[in-house]
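Each chain, letter by letter, is given below.
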Amino acid sequence: MLEQNNVRVPQSLLWKISRALFEEKNYSESILLIEDLPLNKSDEVIFAIELISEVYSKKLEDTIIQAIKSSDEETVVFAMRCEKAPISIQLESSKILSQLDSIRYTDEILSVLTRTADVKGLAENMAADDSLALAYPFRALMIWHLMPAENGIDKLEQMFDLRKRALVALEDSEKDDVLSDVSIALISLLGGVSSDMESIHELLDSKSIVKLNEVRRALSSDGDGVVKSSLIESLNDSVINTDMAALDKRLFASLINSLYLNSAAMQLQSGNDEKYESALLTLERLAAKEDNTIRTIREITNLVKEHSVGIESLEKWYRVYDKESAEYQIIRAALEKGKGNRLNAARAYKEGALKVKDDYEQSSLILRKAMIEYAHAGEWKEAVELLDENPELETLLTQRFQLYLRTCADNTAGNTVSATKRLIQFVSDEEKKDGEEYDSDFNKRRKEALELIQKYPDEHNLPDKNFKGRVKAAIKTLEKSGNGRQSDLERRFQLELHKMKDIFELTVLGGQIADENPLRGIRRFEEAIDTGYFKDKEVERLRDTQRAVFGSQSNNIPVKDRRTLRNLGLKPLILVDTNILIHALKDDLLQELS
């Protein structure tokens with residue numbers, strides 16, 4: 001009636017009418033009356049919070065946030081404790097109280113931050129007190145799984161410390177009253193910790209439960225560790241269509257990402273080209289997501305470090321958020337390597353090592369990768385300079401790789417005499433026995449060692465232009481020295497191989513050489529097969545004879561000398577570092593204990 005007569009309605013009356021409508025649960029009409037009014041009194045702020053907890057209004061939300069900044073402590077506490085109020089109001093009030101009296105309200109502030117999934121705020125509060133991760137281990141683990149990547153990249157050490165403390169306290173911790181059973185079960189599942197899955201089963205439909213159990217079986221100690229992408233996609237579709245709390249939704253999304261990462265890691269190790277390409281597509285897609293967690297970014301980064309795979313979307317992320325890190329350079333290097341730009345890859349690795357020069361172990365391992373890329377790029381000068389500047393690399397690189405680098409560098413620079421002498425000195429040091437004279441047998445062994453070294457680039461897919469020729473020159477130098485001349489049988493074999501090309505005569509001569517020296521005889525067959533002079537049937541005959549000679553002489557041929565005998569079809573020799581077995585056993589024991 002007042003409005004109809006152009007009479008302004010008093011604010012006090014509007015408040016009374018709004019309260020009356022609220023009592024009648026007519027929230028929509030109630031909020032319309034006060035959403036444009038100022039909040040000058042504590043009881044008005046409290047009523048506004050109660051009202052907005054029932055029906056949302058952006059105008060009223062903004063007014064409340066401004067009002068609580070100047071409200072009394074009791075009103076702010078009410079705002080923080082009102083779980084139905086908009087998240088922004090709960091967070092703003094907890095922020096105010098943390099500044100007023102953080103100790104008195106610690107538990108409640110942490111509860112709000114947990115309930116509203118403000119992972120960044122929760123991390124800041126828990127990092128300020130070492131005891132909090134021990135008191136609330138599941139919340140600390142939640143931080144690791146949900147921390148936005150752009151916020152977490154500068155707080156990695158802080159989060160690693162929180163996670164470490166949480167895992168220590170997990171077994172003896174009491175139930176977290178703020179986190180739901182579903183949240184606790186998901187955090188446990190993400191961390192590989194044993195937990196009751198009943199709450200998750202109640203949330204999902206029967207088909208989704210079957211899919212989840214298949215995933216758990218595959219990842220269990222008795223499983224093969226492989227989860228098919230189709231199963232992950234199907235589980236993800238089921239979760240998306242399931243009604244659940246926002247926090248649980250985010251934890252499920254983290255679980256799905258974790259499964260994709262696990263699948264990609266297994267595919268990269270499979271040795272199958274199709275699976276390898278599938279893994280790259282998965283990692284590209286995950287790294288390109290806008291709402292990535294730091295855990296996802298770190299795990300993709302670790303896969304890049306381990307397998308040297310180029311992920312463009314990951315490089316773009318680091319370029320924006322962490323360009324000054326060693327990781328950025330390592331990711332750049334992997335990309336350049338994938339494109340065939342080996343020199344750019346080497347220089348990126350070198351720059352990455354400089355970023356962590358205070359970490360001796362990590363820096364050395366990155367420099368080792370740089371050396372390998374320099375070798376593939378044929379940039380011998382830079383490689384040798386890097387080796388000379390970092391003597392610690394000598395313990396990480398094989399003696400033969402260092403010989404290869406220095407020989408190629410000398411040869412490229414025109415120091416051919418120095419390169420030849422280095423090769424001869426290397427095999428002399430390898431073959432010389434204590435007290436032995438420089439006799440014909442010693443020279444034969446040196447020549448054999450050079451013949452073996454000559455195949456080094458082929459074994460490692462390295463450029464051979466500046467190496468093989470120099471090794472041949474070293475062999476000729478030994479031959480000219482007198483004692484290193486070939487035996488009569490070997491001269492006849494070479495004549496037959498390059499002039500007459502009689503298969504029968506070659507097999508006879510090869511067998512006779514093997515009677516005197518099994519390894520040299522078998523290598524002569526290898527040499528004949530590799531010339532390309534002979535047709536398929538003739539090559540097969542050479543192989544058959546080589547196999548027969550090897551079968552009769554294998555006891556006289558050291559295992560280490562067999563690695564270059566490619567035409568025999570020998571089974572690969574696998575050497576296992578026992579440390580790997582110990583770590584695997586440790587992981588299995590920890591899983592059983594948990």
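Preceding this section is the structure that the text describes.
A quick note: this is a predicted structure, and the numbers were derived from the prediction, not measured.

For the protein chain, the helix and strand inventory stands at 34 helices and zero strands. Since a compact globule built from 594 residues should have a radius of gyration of about 25 Å, the 36 Å found for the protein chain marks it as more spread out than a globular shape. Dimensions of the protein chain, computed from the C-alpha atoms along their principal axes, are close to 125 × 50 × 50 Å. Buried residues in the protein chain amount to 46% of all 594 residues. Long-range contacts, defined as pairs at least 24 residues apart, comprise 58% of the intrachain contacts of the protein chain with a sequence gap of at least 6. Total accessible area on the protein chain stands at roughly 31800 Å², and carbon and sulfur atoms take up 48% of it.

Ile64, Met126, Ile143, Ile200 and Leu314 are the most contacted members of the largest nonpolar core, which totals 107 residues. Ranked by residues supplied to this core, first place goes to helix α17 (residues 246–269) with 11 residues.

It is worth spelling out the packing of helix α10 (residues 137–146) against α17 at this point. Two elements in contact, α10 and α17, have axes separated by 10 Å at closest approach and are oriented at 60 degrees. Between α10 and α17, the crossing angle belongs to the class labelled oblique. Relative to α17, the crossing made by α10 is left-handed. Between α10, through Met142, His145 and Leu146, and α17, the contact on the second element is made entirely by Leu247, Arg250, Leu251 and Ser254. Of the residues assigned to the contact of α10 with α17, the class counts are four nonpolar, two polar and one charged.

Our focus in this paragraph is the layout of surface pockets. Empty space within the second largest pocket amounts to approximately 680 Å³. In terms of lining residues, the second largest pocket is bounded by 21 residues, among which Glu451, Gln454, Lys472, Arg524 and Glu527 are the most central. Elements with a minimum of two residues in the lining of the second largest pocket: α27 (440–454), α29 (465–480), α30 (488–500) and α32 (518–530). Taken together, the residues that form the lining of the second largest pocket break down as one nonpolar, five polar and 15 charged.

Attention shifts here to the packing of aromatic side chains. Following the criterion strictly, the structure yields 11 aromatic pairs and no others. On the numbers, 6.1 Å between centres and 70 degrees between planes, the contact of Trp15 with Phe47 is edge-to-face. Highlighted residues: Trp15 in helix α1 (residues 11–23) and Phe47 in helix α3 (residues 42–52), separated in sequence by 32 residues. As far as burial versus exposure is concerned, Trp15 and Phe47 are alike and both buried. Joined through ring pairs, the aromatic side chains of Trp380, Phe401, Tyr404, Tyr456 and Phe467 make up one cluster. Positioned above the aromatic ring of Tyr136 is the side chain of Arg139, whose terminal nitrogen or guanidinium carbon lies 4.2 Å from the ring centre. In this structure, Lys501 packs its charged tip against the face of Tyr533, placed 4.7 Å from the ring centre.

The full count for this structure, using the stated rule, is 33 salt bridges. Note that Arg520 is salt-bridged to Glu448, the shortest N-O span being 3.4 Å. Taken together, the residues span a long stretch of sequence, with Arg520 in helix α32 and Glu448 in helix α27 at a distance of 72 residues. In this structure Arg520 comes out as buried when scored by relative accessible area, which is 4%. We note a salt bridge from Asp544 to Arg547, for which the minimum N-O separation is 3.0 Å. Of this pair, Asp544 and Arg547 both sit in helix α33 (residues 536–553), separated by three residues, roughly a single helical turn. For Asp544, a relative accessible area of 41% corresponds to the partly exposed category. Members of the salt-bridge network, linked through shared partners, are Glu448, Glu451, Glu490, Arg520, Arg524 and Glu527.

In this section: helix α25 (residues 399–412). Given 3.6 residues to a turn, an α-helix orients residues that are three or four positions apart in the same direction. A rise of 1.5 Å per residue sets the reference length of α25, with its 14 residues, at 20 Å; its end C-alpha atoms lie 20 Å apart and thus fit the reference within 8%. Summarising burial for α25: 12 of the 14 residues are buried, a large majority. Directly beyond the C-terminal end of α25, a positive phi value near 90 degrees is found at Gly414.

Glancing now at the environment of Thr282. Following the sequence through the fold, Thr282 ends up in helix α18 (residues 273–287). According to the relative accessible area criterion, Thr282 is buried, its value standing at 9%. Spatially, the C-alpha atoms of Thr282 and Glu74 are 51 Å apart, while their sequence positions differ by 208 residues. Excluding residues that lie within four positions of it along the chain, Thr282 makes contacts with Tyr260 and Ala264.

Further remarks concern unusual backbone geometry. It is generally the case that most residues other than glycine have a negative phi and that most peptide bonds are trans. Residue Ala117 is not a glycine yet carries a positive backbone phi of 60 degrees. Within the secondary structure layout, Ala117 lies in the loop between α7 (106–115) and α8 (119–127). Unlike most non-glycine residues, Asn461 shows phi in positive territory, near 55 degrees. One can find Asn461 in the loop between α28 (456–459) and α29. Judged by its relative accessible area of 64%, Asn461 falls in the exposed class.

Reading the values: the criteria
Residues numbered from 1 in each chain as written. Predicted model: local features only at pLDDT ≥ 70, side-chain atom pairs only at ≥ 80, totals over all residues. Heavy atoms only, no water. Helix = DSSP H or I, 4+ residues; strand = E, 2+ residues; numbered from the N terminus. Rg over C-alpha atoms; globule rule 2.2 N^0.38 Å. Buried < 20%, exposed > 50% of the residue type's maximum accessible area, 1.4 Å probe, protein only. Contact = heavy atoms within 4.5 Å. Areas by Shrake-Rupley, 256 points an atom, 1.4 Å probe, with all protein chains shown as cover. Core = buried A, V, L, I, M, F, W, Y, C linked by side-chain atoms within 4.5 Å. Axes fitted to C-alpha atoms, helices over the stretch in contact; angles between N-to-C directions. Parallel < 35°, antiparallel > 145°, perpendicular 65-115°, else oblique. Left-handed = near helix turned anticlockwise from the far one by under 90°. Nonpolar A, V, L, I, M, F, W, Y, C, P; charged D, E, K, R; others polar. 1 Å grid on protein atoms, 1.4 Å probe; cavity = no way out; pocket = protein on both sides within 12 Å on 5 of 7 lines; lining within 4 Å. Points joined across faces, edges and corners; volume = space filled by probe spheres on them. Phe/Tyr/Trp six-rings, centres within 6.5 Å; stacked < 30°, edge-to-face > 60°. Lys NZ or Arg CZ within 6 Å of the ring centre and 35° of its normal. Salt bridge = Lys/Arg side-chain N within 4 Å of Asp/Glu carboxyl O. Expected span 1.5 Å × (residues − 1).

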